[in-house]
Amino acid sequence: MIAAKPNYKKNKAKYAAYKEIIKGYHQKKVKQLIKKYSDNTSMAAWNLKLK
């Protein structure tokens, strides 16, 4: 989980850093690693489609 304080957008440098961290985290390889190391008990939620 990635979290930030509500006012992080006010600091452009911090905002840019958070965006880069999230961009890196949302890669296909990270999704594969989550699945691999959790023995299929966890999944990446950023592309999860719920009905």
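Residues numbered from 1 in each chain as written. Predicted model: local features only at pLDDT ≥ 70, side-chain atom pairs only at ≥ 80, totals over all residues. Heavy atoms only, no water.

Chemist: Residues and numbers for the overall build of the protein, please.
Modeler: Looking only at helices and strands, the protein features two helices and zero strands. Expected size for 51 residues packed as a compact globule is a radius of gyration near 10 Å; at 14 Å, the protein overshoots this value by more than 25%. Projecting the C-alpha coordinates of the protein onto the three principal axes gives extents of approximately 40 × 25 × 15 Å. The 51 residues of the protein split such that 6% are buried. For the protein, the computed accessible surface area is about 5,100 Å², with 57% contributed by carbon and sulfur atoms. (Helix = DSSP H or I, 4+ residues; strand = E, 2+ residues; numbered from the N terminus. Rg over C-alpha atoms; globule rule 2.2 N^0.38 Å. Buried < 20%, exposed > 50% of the residue type's maximum accessible area, 1.4 Å probe, protein only. Areas by Shrake-Rupley, 256 points an atom, 1.4 Å probe, with all protein chains shown as cover.)

Chemist: Before we move on, could you go through the packing of aromatic side chains and cite the residues and values that matter?
Modeler: Within this structure, the stated rule accounts for one aromatic pair. Ring geometry for Tyr-25 against Trp-46: centres 5.2 Å apart, planes inclined by 65°, an arrangement best described as edge-to-face. Here Tyr-25 is found in helix 1 (residues 12–25), whereas its partner Trp-46 is found in the segment after helix 2 (28–37), with 21 residues between them in sequence. Given the relative accessible area of 33%, Tyr-25 is considered partly exposed. Residue classification places Trp-46 among the partly exposed residues on the basis of a relative accessible area of 23%. (Phe/Tyr/Trp six-rings, centres within 6.5 Å; stacked < 30°, edge-to-face > 60°.)

Chemist: I'd like a description of helix 2, backed by residues and values.
Modeler: Burial of helix 2 is sparse: only one of the 10 residues sit out of reach of the surface. Looking one or two residues beyond helix 2, the residue adopting positive phi is Asp-39, at roughly 50°.

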